[in-house]
Each structure stands twice: as structure tokens, then as C-alpha cells.
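So the chains spell out like this:
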Amino acid sequence: MKVFSIALNTFRENLRDKLLYNLLIFALLMIGSSLILMRLTLGEFHRLILDIGLGSINFFGVLIAIFVGIGLVSKEIERKTIYTIVSKPVARFQFLLGKYLGLCLTLFINTVIMTSGLLAVLYFQDVPIHTVLFKALGMIMLEFMVITAVALLFSTFSSATLSAIFTLAIYVIGHLTPDLKTFGQKMEGAGRTVLEGIYYILPNLDRFNLKGHVTHQLEVPAGDLLMITAYGMAYTAFLLMLASIIFQQRDFR
Amino acid sequence: MEHISNLACEQVIQTDQLRKVFKVGFWGRRVTAVDGVSLEVQRGEVFGFLGPNGAGKTTTIKMLMGLIYPSGGTATLFGHPVGDPSAKAKVGFLPESPYFYDYLTGREFLRFYGHLFGLLGTALDKRIDELLELVGITHARDLQLRKFSKGMLQRVGIAQALINDPELVILDEPMSGLDPIGRKEVRDLILRLKESGKTVMFSSHILHDAELLCDRVAMIMKGKLVACGPVSELIAGDTTHEVEMVIDRLLPEALERIRPLASKVVLQGERVMVVLSSQQAVDLALDVIRSAKAKLVALTPHKASLEDLFIRKATGVHQPVEARV
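Small disclaimer: the values here were computed from a predicted structure and weren't measured.

> Is there a simple way to explain the confidence of the model for chain B in this structure?
Detailed conclusions should not be drawn from predicted coordinates in areas where pLDDT is low. Residue and element names in this part refer to chain B. When pLDDT is averaged across chain B, the result is 85; 92% of the residues are at 70 or more. A low-confidence stretch, residues 1-8 (pLDDT under 50), is modelled with three contacts involving residues beyond four sequence positions or located in other chains. Note on residues 319-325: pLDDT under 50 across the span, and 11 contacts to partners over four residues away in sequence or across chains.

Okay, structure coming up:
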């Protein structure tokens, strides 16, 4: 109940944030722009629309997850609003969980709006819509959840600016982890251990990327989908637990 | 009767040798913000927590509210260790110069805090209307907090502290930043809370407010408690009962007879101002004035105030606060 109230309040806070609308408008413009780009391209229209559409949803969603996510907790501490929450009968982990779920709700609504934009474009251009598109969107949402948890974790112990830098770094590296592994395998001894360690600790965000499957209309086996979902959930739970432990220890000065 | 007196003596807040050491800066230099504070607040009293800026008032209050963890000592609210949810449920808290969720309207804001206590539905709506009325911002209930003035924010802050009808209200600097009217209103509110049987603890560096409101006060300087007790006792312990006399047409030889009695003599043309520090000196001086046919213009007893005590204590505190470890 308390978690739910905090989540709703966070959602309401996000809704009244101008940043969100700017990003959302940009995303919709990007999706719409595929219509213009299409005229400049020879063939492969469908792939282009799907590629730009999914790419926009992913990119702008990640921006929202990072730039709203980093402020979730650090802003509450900076503005001292947290004093009035933690002094009420609310456990600190409930506060964190509420903030997290609130932003996830915002991201979900955003994804639904951006997806509607994409579907409208696809519909008017007579592009066949396959179920794999929705699977890919689900995985994008899962990636948002992991990124939000990363942003939240950094937000519990560092300032908004540092959190943004760290989270962006994790996002970029998270998409390059397969390269890290390959690189590690070519090394010997300590270097290999370190690189492989990083590979296993950092989130493997590329796993959530099914854009190739959508544009090439490849089915994703149910088992794979299940594994990726389990991985995303487990990773998110791990990050939230870590964030709770750090948050529980800290003093609000 | 005995039951009532038992109730009256029940301790709502109790701290024992409460300590907080902060690590500051890159090298983690240790700074003792609160150093062995032991105090008790009894049910039904208004307790003033006084001290200059940076003395450790807010740090102590934050420890009571579970916002920061003590480095040593213990603190309990209603007999529960601080941070215990059952204790928090009975407490209302207004932080120092609070900021609130400014995208919420007054009513949404209070509803959110009500939910945190598990309050719901019409009972909560009724409570919100009562509180908006109590703090006098009913007109602003549908206005976003970003459009509130500072005084209105302080009031809605007090309203959120009272949403759960708490038995204990802790206010950190409730009068700071308010105009004289706002301060009077907060004072009236505190008295009203006391009348309805609540315990109020508030911190302030405005001694006048404390003197008007408090049953007991504690004074903290550089992290240490320097005085604690009923206002009247603390002032009585302070033996500076001075009387100021203003005399006209006092002949020089008469003045010379008064001078040894006075702690201070100021000549202003025809007029003489003397400060006397005992009743005996006052009597003797009056005899001199009468016999010399001088005219007594004014006789003002200087009532000892918390301010005198405060300043005396402030100049008396020399212990080192910062220590490298």
C-alpha cells in the first residue's frame, strides 16, 4: 500500500515533468520521420520503418530511464523531501521500491504511446505486423527496467550528475559486453580473469535487443525469451537489493 | 489521581549519551556534531530545544527521526528504539526549511502523506479539510505547492506533520523565515496542540518564542547539552537581578555616594543612569536620592531572560569540537 502510494506519487511527479514530454515528442517525431526518410531510400521500406521506430522507442526510453531515474532518489535527498517520508512509518526499501515502480509505470505508459505511434505508421504504410514486434517491445521494456535499476542504484549514493555519467557508461558498456568476452579470451592470466569478471558482473544489455529479429522477421524461440526475461528480472532484483542495502546504511544530512 | 500523575511523568523522548560523529571531506576528518546528549521529554509538555546555528539541534532531531544513525548512545520514542515503525506512527515531524513536492496541490500533498500512514477514503478527506482549516490555508487546497509563499509552505508542512493525529510533534525551526504574524500563528498552534494533550518538541534559536511557549528547555552548544530544565528554574539560577535607575538633578556629592553601590554609571547631561545589582543597593540608592532631593525618573528591573543565560553559556563553552583521529 505504502509502496503503491509512493509509486503513484512518483508517476504523478513524472507526468508533471516537462522533460518527459519533450522526449516523448521527439520520439514520436523520429518515428514519424521514417515516413520522410522512406522516400529517400530505395527498397527495404519496411525494414527502415521498423528499424527507426524500434530504435527511437529504445533510445528515448533509455534517455527517460536515465535522466528521470538518476533524480529519483538524489533529488529527494537534495530537496530534503525524503526527510518527511523516512520519518513516517515507511521502511527505506519501501521508499526505493515505490520510486522504482513509479518510474517503471511512467516508462510503460511512454512505451505504449510510442508503440501506438509506430503501429499507426506501420498501419498506414501497409507494413505487415508480426508478433515478434511485440516480443521485441517487451524486451525493450525489460531493458528499461534494468537501466532504471542501475540509475536508481547510483542515485542512492552519488549526485545526479555522477549518476547520469555512471549509468550512461553502464548502458554503453552493457551493449559491448560480448566484445569484452571475446577480447578477454584472447588474453592470458590476470587480464583474462578481470575482463571475464567484468563481463559477468555488468548487465548484458545486448541480450534484450531483438531488432534484428523484427526487421528480418525471425521468430524467437520461447525458451530464449524465457531465459532473457529471467535474466532481466534477476539482474533487476539484484540491483534493487544492492540499492536497498546501500540506502539503508546512509545518513541523510 | 495517581494514575494521572503517572501519565504526566511518562517520558515520550529519552536520549542517553547520544553522540554523532560525522566524517567530512576527502580525508574523512571527524567532526563531533552531537556529543553525549542526554535528555527527557515528558508527555504533555512543550519542550524547547535551543542553541545557536550549527550547535547540533537538527542533527539530534534527525537522529530521533531515524534519518541519521547515532555513533553512540541510545534514543527512544515512547520506549521504542528510534526508527521503530510503531514509534514513528505516533510522531509528526516538520523538518527545517522544508521543501515539498511542489507539483502537488495542497490537498494531494496531504493525501499522499495520509496514505503513508495507511489512512484512506472519507476519513482522510475529512482529516485533510480539518488540517487545512487549522493551519489556515483552505483557500489554497487546489493550488500547486510551487505557487505557495514561504509562510504557506511552513503551514502545509505543519499540516503534514499532524496528518496522523500524532501524540508527539517534533518541529525543527518552525518559526524560521516567518514574518511576525506567521510566528504568532505558529506559537498559537503549538499552544493549541499542548491544550489537546500533545507533546511538542521544537528547536529554535529565537529565545523569545521559547520563553513564551516552553514548559522546559534544553540548551545545546557545540554538540553538548549546557542547560536543561523548566524556564523559570533556569532563569532563577541565573543571578543577574539588575535594576536600572534614571535620576534627574542629582548633585555630584550625592552621585559619589551612589557610585560605590552601582555596577554601572552613565552620565547624560543633567541625567544619570545607574545600574544596581542587589536589592540592598537599590534601597540605599533610593535613600540617597530622597535625601538629596533628586528626582527619580525611572526604575526598571531587568528581568533575567533566557537570552542572558544563552549568552553566558555561549561564551563559557570552550571545549574542542573537532579532533583529528
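Read on, since the account is not over.
> Where do I start with helix H7 (residues 131-155) of chain A in this structure?
For an α-helix the count is 3.6 residues per turn, leaving residues at separations of three or four pointing the same way. Here H7(A) spans 36 Å end to end across 25 residues, near enough to the 36 Å set by a 1.5 Å rise per residue. Counting buried positions along H7(A) gives 21 out of 25 residues, so the element sits mostly inside the fold.

> Looking at this model, I keep getting lost on helix H11 (residues 279-291) of chain B. Mind explaining?
All names here are of chain B. For H11, built from 13 residues, the straight-helix expectation of 18 Å at 1.5 Å per residue is met to within 8% by its first-to-last C-alpha distance of 19 Å. For H11, the complete set of buried residues consists of Ala281, Val282, Ala285, Val288 and Ile289. Angular distribution of buried residues about the axis of H11 spans 125 degrees; they occupy a single face of the element. Of the exposed residues in H11, those oriented more than 90 degrees away from the buried face are Gln279, Gln280 and Arg290.

> Please clarify how the pattern of salt bridges should be interpreted in this entry.
Pairs may arise between side chains of opposite charge once their charged atoms sit close together. Scanning all chains against the criterion turns up 28 salt bridges over all chains. The salt bridge partner of Asp215(B) is Lys194(B), with a shortest N-O separation of 2.8 Å. Of the two residues, Asp215(B) sits in the loop between helix H8 (207-213) and strand E9 (216-221) while Lys194(B) sits in helix H7 (residues 180-195), which places them 21 residues apart along the sequence. Each of Glu13(A), Lys75(A), Glu76(A) and Lys99(A) takes part in a single network of salt bridges with overlapping partners.

> What's the story with the sheet that holds strand E2 (residues 29-42) of chain B in this structure? I'm lost.
Strand pairing in a sheet relies on backbone hydrogen bonds. The paired strands run either parallel or antiparallel. All names here are of chain B. Read from one edge to the other, the open sheet built from four strands follows the order E2-E1-E4-E5, with strand pairing classed as antiparallel. Of all the strands in the sheet, the pair left with one neighbour each is E2 and strand E5 (80-81). As judged from the 11 bridges shared by strand E1 (residues 11-24) and E2, these two strands associate in the antiparallel manner. In the sheet register, Arg19 faces E2, and the bridge partner there is Asp35. Packed onto the sheet, helix H2 (residues 57-64) meets E1, E2 and strand E4 (72-77) and runs at close to 115 degrees relative to E1.

> I would appreciate a short explanation of the interface of chain B and chain A in the present structure.
Accessible area lost upon the coming together of the parts is a frequently used measure of interface size. Contacts between the two partners involve 31 residues from chain B, matched on the other side by 28 residues from chain A. In total, chain B and chain A occlude about 2,900 Å² of area from one another, counting both sides; carbon and sulfur atoms represent 57% of this. Area buried by chain B at its contact with chain A is led by Leu67(B), Tyr103(B) and Leu116(B), which between them contribute 22% of it. Inspection of the chain B/chain A interface yields three salt bridges.

> Explain a nonpolar patch on the surface to me, please; I cannot follow it from the model alone.
Among the surface-exposed residues, Met1(A), Phe4(A), Leu8(A), Leu28(A), Leu105(A), Phe108(A), Ile109(A), Val112(A), Ile113(A) and Leu120(B) lie close enough to one another that they form a single nonpolar patch of about 870 Å² accessible area. Listed by contribution, the elements that provide at least two residues to the nonpolar patch are helix H1 (2-15) and helix H6 (92-124) of chain A. No other element matches H6(A), which puts five residues into the nonpolar patch. Residue placement: Ile113(A) occurs in helix H6. What makes Ile113(A) partly exposed here is its relative accessible area of 35%.

> What exactly am I supposed to notice about the packing of aromatic side chains here?
In this description, a pair of aromatic rings is defined by centroid distance and the angle of the planes. Applying the stated criterion to the full structure yields 16 aromatic pairs over all chains. Between Phe154(A) and Phe166(A), the aromatic rings sit 5.0 Å apart at their centres with planes inclined by 40 degrees, giving tilted as the arrangement. Pair noted here: Phe154(A) is in helix H7 and Phe166(A) is in helix H8 (residues 160-174), with a separation of 12 residues, a long-range link. A residue is classified by how much of its surface remains accessible, and Phe154(A), at 14% relative accessible area, is buried. When the ring of Tyr235(A) is compared with that of Phe238(A), the centres are 6.1 Å apart and the planes differ by 65 degrees; the resulting orientation is edge-to-face. One end of the pair is Tyr235(A) and the other is Phe238(A), both in helix H12 (residues 222-249) and three residues apart, which spans about a single turn. You can call Tyr235(A) buried: its relative accessible area is 10%. Over the aromatic face of Phe22(B) sits the side chain of Arg253(A), whose NZ or CZ is 4.0 Å from the ring centroid. Between Lys90(B) and the ring centre of Phe78(B), over which it is positioned, the NZ or CZ distance is 4.5 Å.

> Got a minute to help me understand the packing of H1(A) against H6(A) in this structure?
In a pair of packed helices, the angle between the axes and the distance between the axes together describe the arrangement. All names here are of chain A. Where H1 meets H6, the closest approach of the two axes is 7 Å, and the angle between their N-to-C directions is 45 degrees. The orientation of H1 relative to H6 falls into the category oblique. Pair H1 / H6 crosses with right-handed handedness. Residue-level inspection shows Lys2, Val3, Ile6, Ala7, Thr10, Phe11, Glu13 and Asn14 of H1 in contact with H6, the latter providing Gln94, Phe95, Leu97, Gly98, Lys99, Leu101, Gly102, Leu103, Leu105, Thr106 and Ile109.

Conventions used here
- Residues numbered from 1 in each chain as written.
- Chains lettered and ligands numbered in written order.
- Predicted model: local features only at pLDDT ≥ 70, side-chain atom pairs only at ≥ 80, totals over all residues.
- Heavy atoms only, no water.
- pLDDT = per-residue confidence, 0-100.
- Contact = heavy atoms within 4.5 Å.
- Helix = DSSP H or I, 4+ residues; strand = E, 2+ residues; numbered from the N terminus.
- Expected span 1.5 Å × (residues − 1).
- Buried < 20%, exposed > 50% of the residue type's maximum accessible area, 1.4 Å probe, protein only.
- Arc of directions from axis to C-beta.
- Salt bridge = Lys/Arg side-chain N within 4 Å of Asp/Glu carboxyl O.
- Pairing = 2+ DSSP bridges.
- Axes fitted to C-alpha atoms, helices over the stretch in contact; angles between N-to-C directions.
- Buried area = accessible area lost by both parts, 1.4 Å probe.
- Patch = residues over 30% accessible without salt bridge, like charges linked within 9 Å, V, L, I, M, F, W, Y side chains within 5 Å.
- Areas by Shrake-Rupley, 256 points an atom, 1.4 Å probe, with all protein chains shown as cover.
- Phe/Tyr/Trp six-rings, centres within 6.5 Å; stacked < 30°, edge-to-face > 60°.
- Lys NZ or Arg CZ within 6 Å of the ring centre and 35° of its normal.
- Parallel < 35°, antiparallel > 145°, perpendicular 65-115°, else oblique.
- Left-handed = near helix turned anticlockwise from the far one by under 90°.

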